[in-house]
Amino acid sequence: MDYSIETASLKELQCDCIIVGVYQDLQLCPSASVLNDNTQGLLRKLLDRGDISGKNGETVLINAIPDSAIERILLVGLGEKAALSGKNYRKALFAAVNTFKKTTIKSVVCSLAESEVQGYDWQWKTRQIIEVFSDAVYQYTLTKSDKTTESQLEKLIIAAPDFELSRAQAGLAQGRAIADGVAYTKRLADLPANICTPSYLAEQALNISKQYRKVDVTILEESDMEDLGMGCFLAVSRGSRQPAKLISLNYQGGEPNSKPIVLIGKGLTFDAGGISLKTAAGMDEMKYDMCGGAAVLGTFVAIAEMGLPLNIIGLIPTSENMPDGDANKPGDILTSMAGKTVEILNTDAEGRLLLCDTLTYAERFNPDVVIDLATLTGACLVALGRVPSGLLGNDDILCNDLLAASETANDSVWRLPLWEEYQEQLKSNFADLANVGGRDAGTITAACFLSQFAENFRWAHLDIAGTAWRTGDKKGATGRPVPLLSQYLINRANG
Ligand code: BES
Ligand code: MN
Ligand code: ZN
């Protein structure tokens, strides 16, 4: 989609439809008022008739406007004027863009950023328009014969006043970068596991390095991992015919000697559970077990496009988890790269086995902070549902920074405790620790396991099992937590 900002008056802008807002008390937003005057009071007439009350998310599409150069007008309810929150602003934007589905509308002007939104400026308001529109028009077609999409939108013009132009432009640049990162992540994550293999993910990372000068990529093969002693990671991949990879991305945007932020994304291109085989229902969704890795790649797209002045390392351990004659078995004892021994009690708790060795590997980058993102536990869905991602970590400042960023980005997280008492559950009679901690507090004990490999740096873990994709009719990747990570990195770049 083509995004731009225009400061000219609405009636001078060529487009298929102009989007304007109306509040709950039937008060027209300034642009709606102007269009009302230009159309002999048409909008007022619709309000008087009760066609729209102004409740948040209501829409009326006026498809023909007699005696006017304006093609169409979309009236969007914003709700109560005094209470227009960031969330409601986004809701109204989603309602607007969804009305264009199954129409022939290709170009629109959006004037909704003129509304006051509590706590946010024009940069944020502009950025959200792009993020929401891009999110809503995304549609997976790659492996369908019919490539036509529900939305034909090609061009989005954001109306802005002269004196806000620079902020709007900054928002446009950020919005485009984040929207591209999210769409990238969704496209990759929606691919089936017979296309999106560990080797395929590695190729995608190499393509990113070709596209962006500041990004370098190296791929570690299984033989390299053997040299490094990654016994836990390799134990998972031995049950799969697809060779595992450890993808390493390096974005050099900051001073050469400034410590990097390390992002680690779980990249299980398919998780059948291994010998502790999952049940059949919904197993197809385990193609999404690489969403952490896809979100690291999407975040790299966003930061490279924004050109943030930071040094960032991305690490994606990627493999399949399959049952096989050579697969690891319950009761097996593995030696991690850190030297700790791990008793496998359930081969389906494989994500932590890839991540523990990758966390140890991250030490060599002398990281400022390490953030891992993983579709790690079904228990996270039980605890938090599909609304926030789970957040756990060993550093309050880092966790609070992520909470703050999640608020701005509208990509929520909720912190769970990582208290010592929970570590008890990981005790093993035969090894230094077990890979599962029983039924209770599954998200926390998974993070406890990881914490034992993250003792030498500030670290946070995002459990995205409930947020990385939608299930049911709307099954598909969400691109989360690319907006959260992008916002965290924007905040870090700003000081
Ligand atoms: N990838 C799954 C977690 C998952 C399950 C994400 C369902 C989203 C939806 C992970 O590898 C896994 O299988 N975890 C086990 C851990 C258990 C064996 C301790 C789980 O959650 O059942
Ligand atoms: Mn599993
Ligand atoms: Zn998994």
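Keep in mind the model is a prediction, meaning the values are calculated, not measured. (Residues numbered from 1 in each chain as written. Chains lettered and ligands numbered in written order. Predicted model: local features only at pLDDT ≥ 70, side-chain atom pairs only at ≥ 80, totals over all residues. Heavy atoms only, no water.)

Peer 1: What am I meant to see in the sheet that holds strand β12 (residues 333–335) here?
Peer 2: One key point about sheets: their strands pair by backbone hydrogen bonds, in either a parallel or an antiparallel sense. What the 3 strands build is an open sheet, ordered β12-β13-β17; its pairing is mixed. The open sheet has two edge strands, β12 and β17 (433–434), and neither has a second partner. Looking at chain direction, β12 and strand β13 (residues 341–343) are connected through 3 bridges and run antiparallel. What sits directly across from Ile333, in β13, is Glu343. (Pairing = 2+ DSSP bridges. Helix = DSSP H or I, 4+ residues; strand = E, 2+ residues; numbered from the N terminus.)

Peer 1: What's the story with the coordination of the zinc ion (ligand 3) in this structure? I'm lost.
Peer 2: Ideal values for angles at a metal depend on the geometry: 109.5 degrees with four tetrahedral donors, 90 or 180 degrees with six octahedral donors. For the zinc ion (ligand 3), the protein coordination sphere consists of Lys266 (NZ), Asp271 (OD), Asp289 (OD) and Glu350 (OE), at 2.0 to 2.4 Å. For the zinc ion (ligand 3), the 6 donor atoms in the first shell make angles of 78 to 175° at the metal, so the coordination geometry reads as octahedral. All donor residues of the zinc ion (ligand 3) come from one chain, and their arrangement in sequence is K-x4-D-x17-D-x60-E. Taken as a pair, the zinc ion (ligand 3) and the manganese ion (ligand 2) lie 3.2 Å from each other and share Asp271 as a ligand. Of this pair, Asp271 sits in strand β10 (residues 267–271) while Asp289 sits in the loop between β10 and α9 (291–306), and the two are 18 residues apart along the sequence. Of the two residues examined, Asp271 and Asp289, each falls in the buried class. (Donors = N, O, S within 2.8 Å, 3.2 Å for Na, K, Ca; no water. Tetrahedral: all angles 85-135°; square planar, octahedral: opposite > 155°, others 65-115°. Buried < 20%, exposed > 50% of the residue type's maximum accessible area, 1.4 Å probe, protein only.)

Peer 1: How do you make sense of the packing of aromatic side chains when you look at a structure like this?
Peer 2: The geometry of an aromatic ring pair is captured by the separation of the ring centres together with the interplanar angle, meaning the angle of the planes. Under the counting rule described, the total for this entry stands at 6 aromatic pairs. Each ring, one from Tyr89 and one from Trp124, has its centre 5.9 Å from the other, and the planes form 35°; the classification is tilted. Note that Tyr89 is positioned in helix α3 (residues 86–98) and Trp124 in helix α4 (residues 122–137), a separation of 35 residues in sequence. With relative accessibility at 1%, the residue Tyr89 sits in the buried group. You can call Trp124 buried: its relative accessible area is 4%. Here the aromatic residues Tyr89, Tyr120 and Trp124 are joined through ring pairs into a cluster of three or more. Sitting over the ring of Phe453, Lys340 keeps its end group 5.5 Å from the ring centre. (Phe/Tyr/Trp six-rings, centres within 6.5 Å; stacked < 30°, edge-to-face > 60°. Lys NZ or Arg CZ within 6 Å of the ring centre and 35° of its normal.)

By themselves these figures say nothing about function.
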